[in-house]
Each structure stands twice: as C-alpha cells, then as structure tokens.
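# Architecture at a glance
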Amino acid sequence: MVLLRKLPGMPGWPTALGLRLPQKFLFLLFLSGLLTLCFGALFLLPDSSRFKRLFLPRRATASTSSSSAASSSAAASSSSTRDTDLPRSPPAAAEPRHASPAAPRRLREKLRVAARPAPRARQQVQGDGRAEAATGAAPARDTRAPFRFDYERFRRSLRHPVRGRRTGEDPETRARRMKIKEMMKFAWDNYKLYALGKNELRPLTKNGHIGNMFGGLRGATVVDALDTLYIMELEEEFQEAKKWVEKSFDLNVNGEASLFEVNIRYVGGLLATYYLTGEEVFKSKALELGEKLLPAFNTPTGIPRGVINLGSGMSWSWGWASAGSSILAEFGTLHLEFLHLSELSGNPVFAEKVMNIRKVLNRVEKPQGLYPNFLSPVTGNWVQHHVSIGGLGDSFYEYLIKSWLMSDKKDSEAKKMYDDALEAIEKHLVKKSAGGLTYIAEWRGGVLDHKMGHLACFSGGMIALGAEHAGEERKQHYMDLAAEITSTCHESYARSDTKLGPEAFRFDAGTEAMATRLSERYYILRPEVVESYMYMWRLTHDPKYRQWGWEVVKALEKHCRVEAGFSGIRDVYTTTPTHDNMQQSFFLAETLKYLYLLFCEDDVLSLDDWVFNTEAHPLPVNHTNFKASVQQ
C-alpha cells in the first residue's frame, strides 16, 4: 500500500506518493495514455454534443460539400427562425401529417413517440457518402439569377377572383361562415397573445410549444395560418403574421427536421401566400428554404431520406422506419411544391428531383398493383408490403391526381399512375361492412386489417375530385364510391358522444365505424373529414355536406374551445373529455379553412384555378407559362 508522506517543500506529487523511478515511469505513462483517450473521445461524440462544441469546431459534413448545400447556406445568411417535435405525440405535441396507427398524413398511434434518428441511421448516411456523391442531385443553381416570374400575368390568368364575388348568398350560410371566421380569429388572437413565434399554442397553460419536428424553424402556426387569414379577409391579423415573417422568421437554423413536414407546412404555406398576395418576402423565403431541403435527395436512388439537418445538410432515415427506408407519403408528397419552386426560381433542379422519384416508382414492381409504404433509398426496392391509404401512404395518392390537375391536365403520367393505383385499391382494399358501410382496409402482405384511420378520410374528397375528370362510364361509379366513403367517415363522428371522430375506427367483432382501442379514441383537431365534406359539396351541392360540416363546428365549439384557444381531446366517447393542451397549426391551416370554404360560394379559391396541397395551402393551376423573359 502506498502512503502519502509529508516532506518539506512538498515535492511533485508522484514523488509525494513515494514511488520509485520505474514506478514513476509507469505511472506517467498511464496518465498520458488516459489523457490521450479522454481527448480522443471528443471526436466520437455526436455533432450536436454541447461538450464537444466547447473544444472542437463543428465539422463540415459530407452533404455540405455539394454545391447545392453551399448555395443554400449562402442564402440562409441573408434571412430570418423556427422549431417543433419530430413525431407528433397524440395529445400534446405537434402532429406529423403522415403517421400511421402502425407507425408514425403525421406520426400517429404506436410510433408517434419514436421519431428520433438512430445512431446507426446516421452512420449509414455517412457511409453512403461516395455512392451519394456519384448519384446525388445536380448542384442547385442560383435561384437569384436574372430570371423573373411574371406575377401580374399570372393573376390575369385566374378565371375567378381569389376571394370570390360574394353575390346572392343566403343569410344562414353567411352567418355560419362568419362564425367560422370568428373561430379563426379567436385561435389566432390567443396564439399571438401567448405563443407568437413558437410553433403551437398550448391553450390550457397559455404558453407556446416548440418541439423538434421542424429542425429549429419557428412560427409553424404563423406560416400555416397566413393564407387562411388572407382568404377570410382578416386583414389586421394577416399583417401581424406577415410582419413576423419579415422581421423574425430565421432560416439560419441547425436542427433535425422532417423533410415532409417542412415542405407541406412551411414551403407550401409560403408559396401559397406569395401566389395570393404577390409579396416578394414569401417567395424569397420559400426558395431559400427549398434549397435547404435539396441535400436530402443525395442518395443512390435519388429517393430522399425523411430527416434532414437544415444547417449541415446531413440526412438520414427515421429510426423507426424499417431497414432505413423512406416513407411513401413523405417522398411522394413533394411534387406540387417542388414544381412551383422551379416555376418561381427558373431553377429546374427542384422539378428534376421529384420527376426522378416518379422514375424510381415506375421501375419497381408493385405487388397486386399496390404501393407499399416503405421504400429503400439505397436500393429502390420495397422494404415491407404494408399498404395504407391512411398514415404512411395517404397523400402520395392525393398528389398524383392533383399533379395532373395542377398541370392543367397535361401530366398524363400522373393521371395514369393515379388511375392504376385507384383500380388496385378498389379491387383489394375497398370493403363493405355487414351494416352496409364502405371503407378502405389496410393491407399487410396480403392480409387485410379492417380499420380506417381518420387520416384515410381525405380519400372521399380525393376520389370525388378524380371522378370529376374520369370517363363518363366511370364518373358516376367513382362519385358513388366517394359519397359512400365520406358517409362512413361521417358515421365515425355521429357514433361518438362528442360528435367528433376518433383517430382510427374498426370493422370487426361486431363493431362498425368506432374505435375499439383506448389508444385510438382521441381527436386532435384533424381536418380530413371536413376536407371531404368541402369537396363533396363543391362537386355535388348536396346540402347534407354543409349540414354535416355545421355539426362539426358545433362540436368543436362545445368540446374543443377553451378559454385561450382550441384543444384536442383524449376521448371522443365521453361528454366530459380531457383536453390535450395543444392547438395544432394544421387546425388553422386546414380544419378551419375547409369549414370556411364549405360555406363559401364555389368561386372562392375556385377548383378551376387552385389545387390544395396536403396542408390545405392553395397552389395555382398552370394555365399558361408565367415566366418572363430573362433580364439582361
């Protein structure tokens, strides 16, 4: 045993330990090795480690070496910030549009809580660097080139005034529309008061929620609400939102973002507001943010990964996604926005990215003509044979028919893909319950799961929209199918005590259109059912759709309106539900917008001129080429 000895002058502490010369040498050798090991461990810490940043500069990633990322970071230096939760947890966090009950149209059910990327997934991205460099996207060209989009010509091409003519409406319809406008103002005013700049309002605790779904971007509710405020002629509130975008919306962020959610909410919201107003700030922010998303496409196939760091450009797949796969509803829901980014910038790279996705999908074999939800961005092959028209699959199909409509019915490839997919869905997934309710089941390798998610209820409106342009022999058939599915979704609301629908409902064990599991009984202010009501009203003018929509308004007022905003509820089958303390941004972007349009005349955001992205942001139909000649 070594004892400490007190010596005059207190010599160096190895000597104070009474060590002999060989022992001193071994001790110092051990100590130097320990220090080397500790310092070397810094290099193994993740880039996001605060401890690491104390000692080492942030490393440039493989993605930042591409010229597209370089141009995006250069653009980012001139602008303004945001932030939110990667997956949306059912009651209390921002909901991703495309989560399914089996895995995270937003991360639902079982995997809602599992959205952080696994370390292995990040290593895979770095390991794929060489292959990605070889097959990655062409460098983004400078979107600030002397190209000019002719906005005035675009506005002249519209066949109807954006806000309609407001002639000849009955007093009851107008009163109901004004009620929905008041709900929007109430939701916005409370967000502005308690949470401006945060991503969502927590109305019970009267504070804001940020989360991590948007990679450090803030103001999701601001950007999601912009076009709704404009359409509802809430002028003062629109100016408040615009001022925040101009002064406080910072794109210089460095966090892990959902490619899909940033695209549909932020890029979609900014694009829509530019087309509605002509304000350049919205266009420039949309283009700058669009460039930041491009590195996600740097994969061997060009299929983008689901998560991207908006600062470094590094991308990876969701940790819960099978074998590092990409999600159909995520990479399949970029087409509308990216075509408009090319249209406004003169930079074809955005359109090239999404057209390449089509090429990959057309090459791969579809089981029974169906599109499974998981695709490998490395091999371009399906990873699992799980097919859903709800979460994980939904908006892919929506964007096929809307791509065709947005092209002024020139994109025949999109129309054929939609027609073929719908034929397979009807053949294999559309079923009728013992009680006569038509629903769309999920398909798991040939075995049907007889359930529908709330997210799948958008399909009634989608099928009606497609039926309007089908051949005469099929038009009525698809309109009937759309009406039956919409009616089934209405039943899921009508059979609950609150008259609001559950997250998922089933058709088994004698149960029809009701949730049978506790984890499926909640309602988080979702829009899909009223979305179908709006389309069915516009295409049939059957008054029942307006009546059903008004029932939703009354239920929202009774069960979801609280002192400082609107909140989701945890159980639709009790008349005294518990609130989840979250006013989702999509409530302002979608739910209230679709309800408002349901009680408007058809020329307000006319379907002749506009298609809605999957976050209900209106994007114009390309009636003509709006590019002005290049300025010299």
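On a predicted model such as this, the values are computed, not experimentally measured, just so you know. (Residues numbered from 1 in each chain as written. Predicted model: local features only at pLDDT ≥ 70, side-chain atom pairs only at ≥ 80, totals over all residues. Heavy atoms only, no water.)

## Focus on empty space enclosed by the protein
Its boundaries defined by the atoms lining it, the largest cavity holds a volume of some 120 Å³. Lining of the largest cavity is provided by 14 residues; of these, Gly332, His335, Ile357, Arg358 and Phe396 occupy positions nearest its centre. (1 Å grid on protein atoms, 1.4 Å probe; cavity = no way out; pocket = protein on both sides within 12 Å on 5 of 7 lines; lining within 4 Å. Points joined across faces, edges and corners; volume = space filled by probe spheres on them.)

## Points about the confidence of the model for the protein chain
In this model, the protein chain carries an average pLDDT of 84, and 77% of its residues clear a pLDDT of 70 or more. Note on residues 1-16: pLDDT under 50 across the span, and 13 contacts to partners over four residues away in sequence or across chains. This model gives residues 42-92 a pLDDT under 50, and the stretch forms 159 contacts once residues within four places in sequence are excluded. (pLDDT = per-residue confidence, 0-100. Contact = heavy atoms within 4.5 Å.)

## Brief notes about the packing of helix 16 (residues 394-406) against helix 17 (residues 412-428)
For the pair helix 16 and helix 17, the least separation of the axes is 8 Å and the interaxial angle reads 140°. Classified by the interaxial angle, the pair formed by helix 16 and helix 17 is oblique. Taken as a pair, helix 16 and helix 17 cross one another with a handedness that is left-handed. For the pair formed by helix 16 and helix 17, the contact residues are Phe396, Tyr397, Leu400, Ile401, Ser403 and Trp404 on the first element and Ser412, Ala414, Lys415, Met417, Tyr418, Ala421 and Ile425 on the second. (Axes fitted to C-alpha atoms, helices over the stretch in contact; angles between N-to-C directions. Helix = DSSP H or I, 4+ residues; strand = E, 2+ residues; numbered from the N terminus. Parallel < 35°, antiparallel > 145°, perpendicular 65-115°, else oblique. Left-handed = near helix turned anticlockwise from the far one by under 90°.)

## Quick word on the packing of aromatic side chains
Scanning all chains against the criterion turns up 30 aromatic pairs. Their ring planes at 55° and their centres at 5.3 Å tell us that Tyr151 and Tyr274 sit as a pair that is tilted. Pair noted here: Tyr151 is in helix 7 (residues 151-157) and Tyr274 is in helix 11 (residues 259-277), with a separation of 123 residues, a long-range link. Centroid distance Phe186 to Phe566: 5.8 Å. Interplanar angle 90°. Geometry classified as edge-to-face. Residue Phe186 is found in helix 8 (residues 171-195), and its partner Phe566 is found in strand 18 (residues 565-566); the two are separated by 380 residues along the sequence. As far as burial versus exposure is concerned, Phe186 and Phe566 are alike and both buried. By the ring-pair criterion, three or more aromatic residues cluster together here, those being Phe149, Tyr151, Phe154, Tyr274, Tyr275 and Trp610. Of note, Arg163 hangs over the ring of Tyr230, and the distance from its end group to the ring centre comes to 3.9 Å. (Phe/Tyr/Trp six-rings, centres within 6.5 Å; stacked < 30°, edge-to-face > 60°. Buried < 20%, exposed > 50% of the residue type's maximum accessible area, 1.4 Å probe, protein only. Lys NZ or Arg CZ within 6 Å of the ring centre and 35° of its normal.)

## Here's the deal with the packing of helix 16 against helix 18 (residues 459-467)
Packed helices, taken two at a time, are described by the angle their axes make and the gap between the axes. One can describe the packing of helix 16 onto helix 18 by two numbers: an axis separation of 10 Å at closest approach and a directional angle of 30°. Relative to helix 18, the element helix 16 is oriented roughly parallel. In this structure, helix 16 meets helix 18 at a crossing whose hand is left-handed. Residues Tyr397, Glu398, Ile401, Lys402 and Leu405 of helix 16 touch helix 18, and the partners they reach there are Met462, Leu465 and Gly466. When grouped by side-chain class, the residues that make up the contact of helix 16 with helix 18 number 5 nonpolar, 1 polar and 2 charged. (Nonpolar A, V, L, I, M, F, W, Y, C, P; charged D, E, K, R; others polar.)

## Let's talk about helix 15 (residues 349-363)
Its 15 residues place the ends of helix 15 21 Å apart at the C-alpha level, agreeing with the 21 Å of an ideal helix rising 1.5 Å per residue. Every buried residue of helix 15 is listed here: Val349, Phe350, Ala351, Lys353, Val354, Ile357, Arg358, Val360 and Leu361. (Expected span 1.5 Å × (residues − 1).)

## So, the state of the cysteines
Scanning the entire structure with this criterion turns up 1 disulfide. One disulfide in the model links Cys457 with Cys489; its S-S distance is 2.1 Å. The disulfide joining Cys457 to Cys489 has a torsion of about -95° about its S-S bond and is therefore left-handed. Residue Cys457 is located in the loop between strand 14 (451-453) and helix 18, and its partner Cys489 is located in helix 19 (residues 472-494); the two are separated by 32 residues in the primary sequence. Relative accessible area serves as the criterion here: at 1%, Cys457 is assigned to the buried category. Judged by relative accessible area, which is 2%, Cys489 ranks as buried. (Disulfide = S-S within 2.5 Å.)

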